[in-house]
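# Architecture at a glance
Next come the chains, spelled out residue by residue.
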Amino acid sequence: MQSRNIEKEVLKDGAERKLPGARWKELAGIAVCIVIVMVAWRAVAFEGKTFDGSSLVWGVNALEPPTGEPRQKVGDLFRVDLGASSWQTMPWAEVTHIELKHGTFPFWNPFQAAGVPHAANMQSSVMDPLLLAVNLHPTPLTWDVTILFCFALSSVFTFLFLRNLNLEIIAAISGSAAYNLCGFWVINNNNSYVRTYIYIPLLLLAVDKISKSGKLRWIALLSGSFCAAILAGMPESAFFSLSLAALYALYRALITPAQPRLALFIRYGVSGILGLLLAAPLLVLFLQYLPLSSNVHAPGMGLASASPATILNWLAPLLHGLPGALYPGLTGDRSWSGAAVVALAIVSLSIPASSRMRDAWVFFAAALVLLLKMHGFPGVQWLGKLPFADQAIWYAFAPPVANFCLAAAAAIGVSAIAKGEIRWTRLIGIGGILLLLVGILFISDRPALHPAVPAGAVRHSILIALVAGSVIALATLLSSFARRFRIVASSVAMLAVVLELLMFVPTETFARRGEPYRTPDWVKLVSDRNPTDRVFGFDGILYPDTAGTQELQDVRTLDALSVNRYVMFIRNFVSRTFVDRFTGESMNPEDIASNRMFDLLGVRYVLAATSRPPFSDKSSQFALKGTRDGIDVWENRSVIPRAFVATTVKPVHNLGDSLVLLRSFGHPLPAGTTRVDRLDPEHVAIVETDDEVLFDSLSRFSNGNSTTRPVHIVSYAPDRIKLQVDSGTPGVLVLTDTYFPGWSATVNGKLTPVLPTDVAFRGVVMDSNPAVVEFEYHPKTAVFGWVLAATTIPLFLALMWIQRSKIGKRVKII
């Protein structure tokens, strides 16, 4: 017999099978979804433009214009964070590529700060399958193709999820367009973390499938998408995506008949555990790094919100100005959905009682709560105090979840129009109440009505919203007249969604595709450098992390996480400007001149704009190597070698004691740092140990002479460093790379402890004999993570056995 859905046939065992021709309709619907996405991003897909914003921000590779090509006449006020990709994720992919090319797994990044964990910072996304092509071949074209592929995947996943809700193809296309053309993709398309949100529909699809069937394929789908959302690399994005999936799973479990509810919870739980185990190789590294890092996302961030008035932008995009140029006094979130989508979501609330009506109310309510929370309305702010949620920036990372919920509700609204299932009394009541609230909010919205707002700007946004809303109202009215009008009405509704959102997808803001990390001419001035010579820059030159694209080691850093020891060293002895980043901006030449703690960092070359020479002609410490591309390159003649033997050692028990002792050898400066001038770190080392025997032994290293004991860097790789130490006075070999768990050392093949030295660096005790010292980075957590991931294989085999055994049939869990 046939089901109500004419595209499916219900078999005797209750299973469904698609009728002949239905698959072609599905494929046609998927093709339409992909075409809509390609049309939206046609400038990148077909016109040689790029999502990369490197040519529009400074500091990419110390060139002006940034990429070394003629400056493009492109203005971009839509994307609010062009630097995030140009200064972080794209350079990190270059570092990953460099290390993979040399046969090294990218656990450690030697080009940033004094060395930092690379895979463990998550946002480097070294384990994300979707970034495999980028990590192997990190060109702008590869990035663009990858992002377009992700957008296409998202449109397909959304379509499949909505079809699984038994919505018509035209309704699924509408919902797919509503989600994948929303403002979040417009504002953030250069940021690779948008990949996380493509898994929202896949996660919910897997939840639905598991609620209907215990087949292992659906458990594998949910656990795989769960893992993929984590491997995408943005903790906040994963948190919001997985939270929606968890709440949706709870909703599905609650509406499931009571008898199999326990079994359903077990399936969801097993899927989540398998997903966590699969993601363990990354998670264990991250969880080790987190407590050892300085993290600006402290508890309390969850209470931050956008301006209440800007909630109207979700209905009328750009009502308060472009995202990068909002009207004065406003803080905006990073998305919109459009009047057509919101109107269709309201339509979905007016259908007769059914599972679809229940779904519509759930999605609409979830979107409404998120919108109110993101904009600081009372009654929902407590959500920002929940565990994990209290450290997330809701208005920046939660919008796609609200977009998806509105898109799902809008798709149900299109389905209601296609079926003619409208309860007009309910629709007028709900719509009237919401319109009244919108009107009150608009009238009280002073910024949008301010005389300084450009003439016609508000009128333009309102006009588009009114036209789109009116088209939806007309389509809804048309569907109620006769059955033959319903296909036309639902098609009109779909077109209203697509056309309205396409109007707000800019094409003129994209620059031409080009190489963002060309080698600048000033590099020729340092052609005599050693691979371990570090650099530093003022004036936003060679912005932090981008130095890795040139295989230069830069002591600056720009990252969500930074090794806490390094942060404390810089803040105490170099610059207080290190808050969430250390860029060299807002610093003066006096901060580094005659500063032996700066010399300890191993900085041989200092970069500065010619418009502000950093050092006077009287300076004997810095010598001008030359000028190229408007950049002065200065050589630091007082630089301390990257590896040396300190013959005088002052042992302490912990980090706090190390800071106190080191500060005691200097005097405070007005800027808040301490200038250490009564201790030469090249000959005196402050070493931490809680081993009392070793403590007493180190106390005996107190040699009055300052004879230098030669140390040669034989080889230097990200995860392996080999040093040759000549014979001489006993002491502590200091390597000015960041101290971090996972680094081990051998002296002449014998394992020896690596000790925290001078707050941030590594030290190894040396006797008077010549020695070969090797440092290696093999974090035990990485091995533990892979072991956990490997356990998913026997667990999955066990599930297969349970499913086929009498136990599984009797208990009906799987």
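Structure's up top.
The paragraphs below set out a description of the structure included in this document. (Residues numbered from 1 in each chain as written. Predicted model: local features only at pLDDT ≥ 70, side-chain atom pairs only at ≥ 80, totals over all residues. Heavy atoms only, no water.)

Below, the discussion takes up the packing of aromatic side chains. Both the distance between ring centres and the angle between the ring planes are used here to describe each pair of aromatic rings. Overall, the coordinates contain 33 aromatic pairs when judged by the stated rule. Taken together, a centroid distance of 5.4 Å and an interplanar angle of 70 degrees make the contact between Phe 151 and Trp 185 edge-to-face. Placement of Phe 151 in helix H5 (residues 140–164) and of Trp 185 in helix H7 (residues 183–188) is noted, with a sequence separation of 34 residues between them. Here the two residues Phe 151 and Trp 185 agree in accessibility, since each one is buried. Its guanidinium or amino end placed over the ring of Phe 536, Arg 556 lies 5.9 Å from that ring's centre, counting from NZ or CZ. Looking at Arg 762, its charged tip hangs above the ring of Trp 743, at a distance of 3.8 Å from the centre. (Phe/Tyr/Trp six-rings, centres within 6.5 Å; stacked < 30°, edge-to-face > 60°. Helix = DSSP H or I, 4+ residues; strand = E, 2+ residues; numbered from the N terminus. Buried < 20%, exposed > 50% of the residue type's maximum accessible area, 1.4 Å probe, protein only. Lys NZ or Arg CZ within 6 Å of the ring centre and 35° of its normal.)

What follows covers a negative patch on the surface. On the surface, Asp 690, Asp 691, Glu 692 and Asp 696 cluster together into a negatively charged patch. Along the polypeptide, Asp 690 turns up in the loop between strand S22 (684–688) and helix H24 (692–699). Taking the relative accessible area as the measure of exposure, Asp 690 reaches 67% and is therefore exposed. (Patch = residues over 30% accessible without salt bridge, like charges linked within 9 Å, V, L, I, M, F, W, Y side chains within 5 Å. Areas by Shrake-Rupley, 256 points an atom, 1.4 Å probe, with all protein chains shown as cover. Salt bridge = Lys/Arg side-chain N within 4 Å of Asp/Glu carboxyl O. Lys, Arg positive; Asp, Glu negative; His and termini not counted. Charge placed at Lys NZ, Arg CZ, Asp CG, Glu CD.)

Between side chains of opposite charge, a pair can form as their charged atoms come close. Under the counting rule described, the total for this entry stands at 22 salt bridges. Between Asp 680 and Arg 596 there is a salt bridge whose closest N-O contact spans 3.1 Å. A residue pair is termed long-range when its members are at least 10 positions apart, and Asp 680 in the loop between strand S21 (674–676) and S22 and Arg 596 in helix H22 (residues 596–599) qualify at 84 residues. Residues joined by salt bridges that share partners form a network here, namely Asp 528, Asp 533, Arg 604, Lys 625 and Glu 635.

Attention now goes to helix H17 (residues 424–443). Over its 20 residues, H17 runs 28 Å from end to end, which matches the ideal 28 Å to within 8%, given 1.5 Å per residue. All buried positions along H17 are accounted for by Leu 427, Ile 430, Gly 431 and Leu 441. Seen end-on, H17 carries its buried residues on one side only, within an arc spanning 95 degrees. Away from the buried face of H17 by more than 90 degrees, exposed residues Thr 425, Ile 428, Ile 433, Leu 436 and Ile 443 are located. Buried residues along H17 sit against helix H13 (339–348), helix H14 (355–374) and helix H19 (457–479). (Expected span 1.5 Å × (residues − 1). Arc of directions from axis to C-beta. Contact = heavy atoms within 4.5 Å.)

Counting residues in each nonpolar core, the largest one holds 229 residues, and the members touching the most others are Trp 41, Phe 569 and Phe 775. The element best represented in this core is helix H16 (residues 399–419), accounting for 14 residues. Leave out the neighbours within four places in its chain, and Trp 41 touches Phe 51, Leu 148, Phe 151, Trp 185, Val 186, Asn 189, Val 505 and Phe 510. By size, the runner-up hydrophobic cluster in this structure holds 14 residues, among which are Val 523, Leu 525, Ala 547 and Ile 631. (Core = buried A, V, L, I, M, F, W, Y, C linked by side-chain atoms within 4.5 Å.)

Spatially, five strands are ordered S23-S24-S30-S26-S27 in an open sheet, and the strand pairing comes out antiparallel. Among the strands making up the open sheet, the edge pair consists of strand S23 (711–717) and strand S27 (750–752). On average, each strand axis in the sheet is tilted by 25 degrees relative to the strand beside it, whichever way the strands run. Looking at chain direction, strand S24 (residues 720–725) and strand S30 (residues 771–777) are connected through six bridges and run antiparallel. Bridging from a neighbouring strand, Ile 721 pairs with Phe 775 of S30. (Pairing = 2+ DSSP bridges. Axes fitted to C-alpha atoms, helices over the stretch in contact; angles between N-to-C directions.)

Here we come to a nonpolar patch on the surface. Where nonpolar side chains cluster on the molecular surface, the patch consists of Leu 247, Leu 250, Leu 254, Ile 255 and Phe 265 and spans about 450 Å² of accessible area. If you tally residues by element for the nonpolar patch, the top one is helix H10 (residues 235–255), at four residues. Here Ile 255 lies in helix H10.

Here we take up the packing of H19 against helix H20 (residues 486–502). Where H19 meets H20, the closest approach of the two axes is 8 Å, and the angle between their N-to-C directions is 165 degrees. As the angle between them shows, H19 and H20 are arranged roughly antiparallel. Here H19 runs over H20; the crossing is left-handed. Note on element contacts: H20 touches H19 through Arg 486, Val 488, Ala 489, Val 492, Ala 493, Ala 496 and Glu 500, opposite Ile 464, Ala 465, Ala 468, Val 471, Ile 472, Ala 475, Leu 478 and Ser 479. Residues of the contact of H19 with H20, tallied by class, amount to twelve nonpolar, one polar and two charged. (Parallel < 35°, antiparallel > 145°, perpendicular 65-115°, else oblique. Left-handed = near helix turned anticlockwise from the far one by under 90°. Nonpolar A, V, L, I, M, F, W, Y, C, P; charged D, E, K, R; others polar.)

This brings us to the pairing of strand S25 (residues 731–738). Counted residue by residue, S25 has eight buried out of eight residues, so it is predominantly covered. As judged from the four bridges shared by strand S18 (residues 643–646) and S25, these two strands associate in the antiparallel manner. Bridge assignment links Ala 646 to a residue of S25, and that residue is Val 732. Summarising the sheet, S25 and strand S29 (residues 761–766) pair through six bridges and their orientation is antiparallel. Note that in S29 the partner of Gly 731 across the bridge is Met 766.

We note that Ser 125 has phi near 55 degrees; this positive angle belongs to a residue other than glycine. With respect to the helices and strands, Ser 125 occurs in the loop between strand S5 (116–117) and helix H4 (132–136). The buried category is assigned to Ser 125, whose relative accessible area is 3%. The residue Ser 586 is not glycine, and still its phi comes out positive at about 65 degrees.

So, on to the sheet that holds strand S16 (residues 622–628). Reading across from one edge, S11-S10-S15-S17-S16 is the order of the five strands in this open sheet, with mixed pairing throughout. Of all the strands in the sheet, just strand S11 (553–554) and S16 have a single pairing partner and so form its edges.

This part covers the packing of helix H6 (residues 169–180) against H16. Contact pair H6 / H16: the axes reach a minimum separation of 8 Å and the direction vectors enclose 155 degrees. As summarised for this structure, H6 and H16 are arranged roughly antiparallel, according to the angle between their axes. Regarding H6 and H16, the two cross each other, and that crossing is right-handed. Contacts between H6 and H16 pair Ile 170, Ala 171, Ser 174, Gly 175, Ala 178 and Tyr 179 from the former with Pro 400, Asn 403, Phe 404, Ala 407, Ala 411, Val 414 and Ser 415 from the latter. In the contact of H6 with H16, the residues fall into nine nonpolar, four polar and no charged.

Here His 375 shows up in the loop between H14 and helix H15 (394–397). Dropping the residues within four chain positions of it, His 375 is found in contact with Ser 305, Ala 306, Ser 307, Pro 308, Thr 310, Ile 311, Trp 314 and Asp 333.

A few words on the side chain of Thr 738. As for its position among the elements, Thr 738 is in strand S25. There is a polar contact of 2.8 Å between the side chain of Thr 738 and the backbone oxygen of Gly 115. Apart from residues lying up to four places away in sequence, Thr 738 is in contact with Trp 108, Ala 114, Gly 115, Val 563, Tyr 566, Trp 743, Ala 760 and Arg 762. (Polar contact = N/O pair within 3.5 Å; in protein donor to acceptor, adjacent residues only side chain to side chain.)

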